[in-house]
Amino acid sequence: MTPDVVAQSFYTLPPCRMVDTRNADAPALQPGATRDFVLVGPCGMPSTAKAISINVTIVQAMAGGDLQLFPAGMSSSPTSTINYEPGQTRANNAVVLLGASGVISVKCEASGTVHLIIDVNGYFQ
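Residues numbered from 1 in each chain as written. Predicted model: local features only at pLDDT ≥ 70, side-chain atom pairs only at ≥ 80, totals over all residues. Heavy atoms only, no water.

**Considerations on the side chain of Thr 57**
This is how the line gets drawn: Only DSSP runs of H or I with at least four residues qualify as helices, and only runs of E with at least two residues qualify as strands; both kinds are numbered from the N terminus onward. Per-residue accessibility, obtained with a 1.4 Å probe over protein chains only, is compared with the maximum for each type, and a residue is labelled buried under 20%, exposed over 50%, and partly exposed between these values. The contact criterion used throughout is that any non-hydrogen atoms of two residues lie within 4.5 Å.
By secondary structure assignment, the location of Thr 57 is in strand β3 (residues 51-59). Residue classification places Thr 57 among the buried residues on the basis of a relative accessible area of 12%. Sequence-distant contacts of Thr 57, defined by excluding residues within four places in its chain, comprise Thr 89, Arg 90, Ala 91, His 115, Leu 116 and Ile 117.

See the structure below:
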């Protein structure tokens, strides 16, 4: 199912950390699991945002794998947002549509845990 979203304008935000599973958003992402994160509210993200521009970083990967980020309530994407090997720290830019109430889902396709950091730099509405 493809979300029906029309975003016409891009708004920048000062870079801001929205998710860090090493801290308050703990624990690490679990292998084969999907986890939801609410991304409206923090960092000045309005509830009217349709998509976000982010930097996705993984750290402390226990095994190689990938993460798929997609709107909550939708099917996971066949395309990974970031791929990694054990022990790597990697980052990638992404634009992700937001699901209902500003929630995204993160699916961890790996055989070990990994920590996730999401920094926002803008949004579409």
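That covers the picture; the talk isn't over yet.
**With respect to the sheet that holds strand β7 (residues 103-110)**
What counts is decided by this rule: Any two strands with at least two DSSP-identified bridges between them are counted as paired. For helices, the fitted axis covers only the stretch in contact; all axes are lines through C-alpha atoms, and the angles between them, taken along N-to-C directions, range from 0 to 180 degrees.
Read across the sheet, four strands follow the order β2-β7-β4-β5 without closing on themselves; strand pairing throughout is antiparallel. A single partner strand is all that each edge strand has here, and the edge strands are β2 (34-38) and β5 (82-84). With direction set aside, neighbouring strand axes in the sheet form an average angle of 20 degrees. In the sheet, strand β4 (residues 65-71) pairs with β7 via seven bridges, with the strands oriented antiparallel.

**Some points on the sheet that holds strand β6 (residues 90-97)**
Here four strands make up an open sheet; going across it, the order is β1-β8-β3-β6 and the pairing antiparallel. Each end of this open sheet is capped by a strand with a single partner; those strands are β1 (10-20) and β6. Sheet twist, expressed as the average angle between the axes of neighbouring strands with direction ignored, equals 20 degrees. By the bridge criterion, eight bridges tie β3 to β6 in an arrangement that is antiparallel. Bridge pairing in β6 places Thr 57 opposite Ala 91.

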